[in-house]
Amino acid sequence: MSPKKQGLNTICTHSGSLEDSVFKGVVSPLYMSTSYDFMEVDTKRYPRYFNTPNQEFLSKKIAALEHAEAALIFGSGMAAISATLLTFLKSGDHAVIQNDIYGGTRNFIVSHFKNYGIQYSFTRDLSAEAFEECIQENTTLIYIETPSNPLLKLVDIFAIAKLAKSRQIITAADNTFATPIVQNPIDLGIDIVIHSATKYFGGHSDISAGAVASSQEVMDKIWDLAKDFGGNLSDYTVWLLERSMKTLGIRVKAQQRNAKRLAKFLEKNKAVKAVHYPGLKSSEYHSLAKIQMKGYGAMLSFELKDPWNSEGFLKALKLIKPSMSLAGVESTMLLPSKTSHALLTDSERMEQGITDQLIRFSVGIETKSDLIEDIQQALTACHIKK
Ligand SMILES: *Cc1c(COP(=O)(O)O)cnc(C)c1O
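Predicted model, so just to flag it, every value in this text is computed and none were measured.

## Some details on the overall build of the protein chain
Regarding its fold elements, the protein chain presents 13 helices and twelve strands. The C-alpha atoms of the protein chain give a radius of gyration of 21 Å, which matches the 21 Å a tight globule of 386 residues would have. If you line up the protein chain on its principal axes, its C-alpha atoms span 80 × 55 × 35 Å. Within the protein chain, the fraction of its 386 residues that count as buried is 54%. Long-range pairs, those at least 24 residues apart, make up 72% of the contacts in the protein chain between residues at least 6 apart in sequence. Summed over its atoms, the accessible surface of the protein chain is roughly 17,400 Å², and 53% of this surface lies on carbon and sulfur atoms. In the protein chain, 43 positive and 41 negative side-chain charges are present, and the distance between their average locations comes to 7 Å.

Here you go:
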């Protein structure tokens, strides 16, 4: 059976497993060797060539999940993103970049592109028209990230892919928030899909990794630069990542189920001013989510009303951890104004709708009623009586 025809959970569990032909163990053997035979082989294997047995085989699982021909695994999401961007952007080229993107990606572009002679424009908003407006004669790449952080805005993936194809521009999508369980940008016409595997792929807040998936032709080009940048992941961690990815489907589906229920619970709560979640009927992105996603993901954000206080709320939580990063099996919350968006000025933050009262919620797999109880007790505790 071809991997595309298998069910998602079967791909997660079995695709790209290495066979233990010596002992017939059920899990992939771990090959830690950094030195391989060069005499009687077609492939010269070396960790930094991204082709040790564990790297090669786990890449097949990622490619199968993203409906791509090939994939590469990196030491971090940023290693994957930087290698991809610099493969397709040369001196004199121009990139159109979605306005709301991961802070690290934005920093990479703003701090370093000028040193490579690469031009860029950030879109004014997330509409396809905004992307079109930014296209120049020398535009070679369009970069999107949907849903966006922390307001869970969506970009119309098909519209962007269509626009780019009509101008022969390559497209890359950061699919970290959605995961291939919820969204497959390649099916909608995007060329390259990127993941911070530190998030849902790892899923247990204990692995740093990244991945890129695309056609074989595109991956060969990225590989050519990536092997010289040297951002490969150690085989031990590749092996751990494979173990994590076996449960990607069931984890994300459980997290997403919880997220939907919690979004509804928060929307009805008198302490909450707004909930940002594409799974809510009230979300302006709900109909687009239904078209391009298989579900709505497990990330959401919400804003507290005065006199409920967001910092007091996070401090009062007992089960949910106030914590950086996202996507673990444990629920975590953070304040974007104090973390991902701390470097913006107050007025820039206000312009983007990131108030001090905004809380980002990475929903875990805990029992829903326990999460609700924790939120309720923390709301009571953080209510400042005037
Ligand atoms: C975390 C994250 C990244 C960067 O990944 P690292 O593994 O931290 O390098 C990129 N994009 C998104 C959407 C992320 O959440």
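On we go.
## Brief notes about the pattern of salt bridges
Taken as a whole and assessed by the stated rule, the structure comprises eleven salt bridges. As a salt-bridge pair, Arg124 and Asp125 come within 2.7 Å of each other at their nearest N and O atoms. The salt bridge involving Asp224 is made with Lys227; its shortest N-O contact spans 3.1 Å. Here the residue Asp224 and the residue Lys227 both occupy positions in helix α7 (residues 216-229), the gap between them amounting to three residues, near one helical turn. In this structure Asp224 comes out as partly exposed when scored by relative accessible area, which is 43%. Exposure remark for Lys227: the relative accessible area of 15% places this residue in the buried category.

## Observations concerning the packing of aromatic side chains
All told, the structure shown has ten aromatic pairs when counted by the stated rule. Between Tyr49 and Trp223 the ring centres are 6.4 Å apart and the planes differ by 70°, which places this aromatic pair in the edge-to-face class. Within this pair, whereas Tyr49 is found in the loop between α1 (8-14) and α2 (53-65), its partner Trp223 is found in helix α7, the two being separated by 174 residues in sequence. Its relative accessible area of 31% is what places Tyr49 among the partly exposed residues. Classification of Trp223 by relative accessible area gives partly exposed; the value is 29%. With centroids separated by 5.6 Å and ring planes inclined at 70°, the aromatic side chains of Tyr120 and Phe122 adopt a geometry described as edge-to-face.

## Considering the site of the ligand
Close contacts around the ligand come from 14 residues, with Gly77, Met78, Asp174, Thr198 and Lys199 the closest. At a separation of 2.6 Å, an oxygen atom of the ligand approaches a polar side-chain atom of Thr198. Measuring from an oxygen atom of the ligand, one finds a side-chain N or O atom of Lys199 at 2.7 Å. With the chains in place, 90% of the 370 Å² that the ligand exposes on its own is no longer accessible. Tallying contributions element by element places helix α3 (residues 77-88) first for the shell around the ligand, with three residues.

## Thoughts on the environment of Leu65
With respect to the helices and strands, Leu65 occurs in helix α2. With 168 residues separating them in the primary sequence, Leu65 and Leu233 have C-alpha atoms 19 Å apart. With sequence-adjacent residues up to four places away left out, Leu65 is seen in contact with Leu8, Ile11, Cys12, Pro180, Asn184, Met245 and Leu248.

## Notes on the packing of α2 against helix α8 (residues 235-245)
Two elements in contact, α2 and α8, have axes separated by 9 Å at closest approach and are oriented at 35°. The two elements α2 and α8 meet at a crossing, and its hand is left-handed. Two secondary-structure elements touch here, α2 through Asn54, Gln55, Leu58, Lys61, Ile62 and Leu65 and α8 through Asp235, Val238, Trp239, Leu241, Glu242 and Met245. Of the residues contributing to the contact of α2 with α8, the split by class is seven nonpolar, two polar and three charged.

## Some points on the domain arrangement of the protein chain
In many reports, interface size means the accessible area that the parts give up when they come together. Looking at the assigned domains, one finds that the protein chain contains domain 1 (3-245) and domain 2 (250-382). Relative to domain 2, the C-alpha centre of domain 1 lies at a distance of 26 Å. There are zero salt bridges connecting domain 1 and domain 2. Of all the secondary structure elements, the ones that give two or more residues to the side of domain 1 that touches domain 2 are α1 and α8. Taken together, the residues of the side of domain 1 that touches domain 2 sort by class into 16 nonpolar, eleven polar and four charged.

## Remarks on the nonpolar core
The biggest cluster of nonpolar side chains holds 71 residues, and the ones touching the most others in it are Leu241, Phe302, Phe313, Met333, Phe361 and Ile375. Each of domain 1 (3-245) and domain 2 (250-382) accounts for three or more of the residues forming this core. With residues up to four places along the chain from it excluded, the contact list for Met333 reads Phe302, Phe313, Leu314, Leu317, Ile320, Lys321, Pro322, Ser323, Ile359, Arg360, Phe361 and Ile375. Among the nonpolar cores identified, the runner-up in size contains 30 residues, and Phe50, Leu141, Tyr143 and Ala226 belong to it.

## Description of the side chain of Asp100
Of note, Asp100 is situated in the loop between β2 (94-97) and α4 (103-112). Polar contacts involving the side chain of Asp100 include one to the side chain of Lys153, which spans 3.4 Å.

What counts, and where the lines are drawn
- Residues numbered from 1 in each chain as written.
- Predicted model: local features only at pLDDT ≥ 70, side-chain atom pairs only at ≥ 80, totals over all residues.
- Heavy atoms only, no water.
- Helix = DSSP H or I, 4+ residues; strand = E, 2+ residues; numbered from the N terminus.
- Rg over C-alpha atoms; globule rule 2.2 N^0.38 Å.
- Buried < 20%, exposed > 50% of the residue type's maximum accessible area, 1.4 Å probe, protein only.
- Contact = heavy atoms within 4.5 Å.
- Areas by Shrake-Rupley, 256 points an atom, 1.4 Å probe, with all protein chains shown as cover.
- Lys, Arg positive; Asp, Glu negative; His and termini not counted.
- Charge placed at Lys NZ, Arg CZ, Asp CG, Glu CD.
- Salt bridge = Lys/Arg side-chain N within 4 Å of Asp/Glu carboxyl O.
- Phe/Tyr/Trp six-rings, centres within 6.5 Å; stacked < 30°, edge-to-face > 60°.
- Near = heavy atom within 4 Å.
- Polar contact = N/O pair within 3.5 Å; in protein donor to acceptor, adjacent residues only side chain to side chain.
- Axes fitted to C-alpha atoms, helices over the stretch in contact; angles between N-to-C directions.
- Left-handed = near helix turned anticlockwise from the far one by under 90°.
- Nonpolar A, V, L, I, M, F, W, Y, C, P; charged D, E, K, R; others polar.
- Domains from an automatic or database assignment.
- Core = buried A, V, L, I, M, F, W, Y, C linked by side-chain atoms within 4.5 Å.

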